[in-house]
Amino acid sequence: MTCQCFIIPKDVLDRFAKDLDLTESQRKAFADAAQFENEWRKVRSVQTRLSAAARSMLVSGAQAITPPAVTVYNCNHSTTLPGAPVANPGTSSDITAKTAFVETRAVADFYQTLFGRNSVDGAGKTLMSSIHFGVNYNNAFWNGNQMTYGDGDGKIFVDFTRADDVIGHELTHGVTQFSLQLGYSNQAGGLNESISDVFGSMFRQWRAKQTVDQADWLIGKEIMGPDAIAKGYTCLRDMANPAAAHCLAPQPTHYSQYKNGMDPHYSSGIPNLAFYKAAKAIGGNSWDKAGKIWYKAMTGFAPQPNMKMKTFANRTRSLAKSMFPGDPAVLAAVNSAWVAVGL
């Protein structure tokens, strides 16, 4: 399984690298970030293969029962990972260090409280974050072992720790890595990205104590810089309206628009919209019913790296029926949501 687990799609980086409205230094920062992503793919591929092999081939000891340790390292604008350890990050005067610690701990609490999962691997894996990576680095990523955050260029993007849904999204790539092990191409890739958006948005709603009707369903709203906002972009993606012009990376909304080879950041719009529609139709909190179904669909079965969207859709239908047998409206909502997106 190869996971290109960056929050900003490569073609968006390429687009800004050629944007003559930006300064030469800004364009170079975007071009460098795009090129760097190509190199990281090789490392991520090895990391994910190793974790999958370890779980299938090696005997594991007792499962951790205490919450996972959360550590933060400061790259100090270098590109050496993990960087220098930050002492007591939860009370650090560096707001980025403090935010990375607090929000990562909150993601761990989210998975433990709602789904009974201890860290991304279910076995108490330490959650490591590196901050201040590079100079004006416009991305955040899960590399198969840890989180890394850039500060943004301050114009198009700002500090990537500011968006709790981005942190939830990227750490969920870790959950997928240690459960369903979805690949990162074709339909499996779209599902991979969608699951991270689903749980990133769910985490944001949980933190804000928002119902499905109160939530705005935007992804990456808080990392949009002033120049991006001036261009009319309010978010990376919008789960309620994936094709909206205010999205930095608008997505298809129906399976008929899907094509093999499509970037997973775009094909994910189809299952994203299905989850939104299901959660809205069910009502209440997204994590109470729809979230539980999607979590079980991700973690309750053997790895399936090349899973098709229709297979995942049918799995959620079956789970809606078996998990909520006394509430047929849940199955009706899930089924109608998938039908609406062509699945």
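These remarks concern the structure in this document. From a predicted model like this one, the values you see are computed outputs, not experimental measurements.

How each quantity is defined
Sequence order sets the numbering: in each chain, residues are counted from 1 along the sequence as written. In keeping with the predicted nature of the model, local features appear solely for residues at pLDDT of at least 70, side-chain atom pairs appear and are counted solely at 80 or more, and the whole-chain, interface and lining totals rest on all residues. Side-chain descriptors were evaluated using all non-hydrogen atoms of the structure, hydrogens and water having been removed beforehand. Strands are runs of DSSP state E lasting at least 2 residues, helices are runs of H or I lasting at least 4, and numbering of each runs from the N terminus. Given the number of residues in a helix, its expected span is that number minus one, multiplied by 1.5 Å. For each residue, the accessible area found with a 1.4 Å probe, counting protein chains only, is set against the maximum for its type, and the residue is called buried under 20%, exposed over 50%, and partly exposed in between. By the convention used here, residues are in contact when the closest approach between their heavy atoms is within 4.5 Å. Two N or O atoms form a polar contact when they lie within 3.5 Å of each other; inside protein one atom must be a possible hydrogen donor and the other a possible acceptor, and for residues adjacent in sequence the pair counts only when both atoms belong to side chains. What makes two strands pair is DSSP finding at least two bridges between them. The axes are straight lines fitted to the C-alpha atoms, using for helices just the contacting stretch, and the angles between their N-to-C directions are given from 0 to 180°. Whenever Lys or Arg places a side-chain nitrogen within 4 Å of a carboxyl oxygen from Asp or Glu, that contact is recorded as a salt bridge.

1. Digging into helix α3 (residues 95–115)
Taking 1.5 Å of rise per residue, the 21 residues of α3 would be expected to cover 30 Å, and the 29 Å separating its terminal C-alpha atoms lies within 8% of that figure. Every buried residue of α3 is accounted for by T96, A97, A100, E103, T104, A106, V107, A108, F110, Y111, L114 and F115. Elements in contact with the buried residues of α3: β1 (70–74), β3 (127–131), β5 (147–149), α4 (164–177), α5 (186–208) and α9 (290–299). A distance of 2.9 Å separates the backbone nitrogen of T96 from a side-chain oxygen at the start of α3, and that oxygen is part of D94. The positive-phi residue at the C-terminal boundary of α3 is G116, with phi of around 65°.

2. Observations regarding the pairing of β1
Judged by how many residues are buried, β1 sits mostly within the fold: 4 of 5 residues are covered. Where β1 meets β3, 5 bridges bridge the pair, whose relative direction is parallel. In the sheet register, T71 faces β3, and the bridge partner there is M128. In this sheet, strand β2 (residues 84–85) lies alongside β1 in antiparallel orientation, the contact comprising 2 bridges.

3. Concerning the sheet that holds β5
The strand order across the open sheet built from 5 strands is β2-β1-β3-β5-β4, with neighbouring strands paired in mixed fashion. Edge positions in the sheet fall to β2 and β4 (140–142), since each of these pairs with one other strand and no more. When β3 meets β5, the two strands line up parallel, connected through 2 bridges. By the bridge assignment, S130 is partnered in β5 with T148. Contacts between α3 and the sheet are confined to β1, β3 and β5, with β3 contributing the most and set at about 155° to the helix. Contacts between α4 and the sheet are confined to β3, β4 and β5, with β4 contributing the most and set at about 20° to the helix.

4. Focus on the pattern of salt bridges
One pass over the full model with this rule turns up 12 salt bridges. With its nearest N and O atoms 3.1 Å apart, the salt bridge here joins K10 to D14. On the criterion of helical spacing, the pair formed by K10 and D14 is a turn pair, its members being 4 residues apart in helix α1 (residues 10–17). Overall, the relative accessible area of 26% leaves D14 in the partly exposed class. Between D197 and R237 there is a salt bridge whose closest N-O contact spans 2.7 Å.

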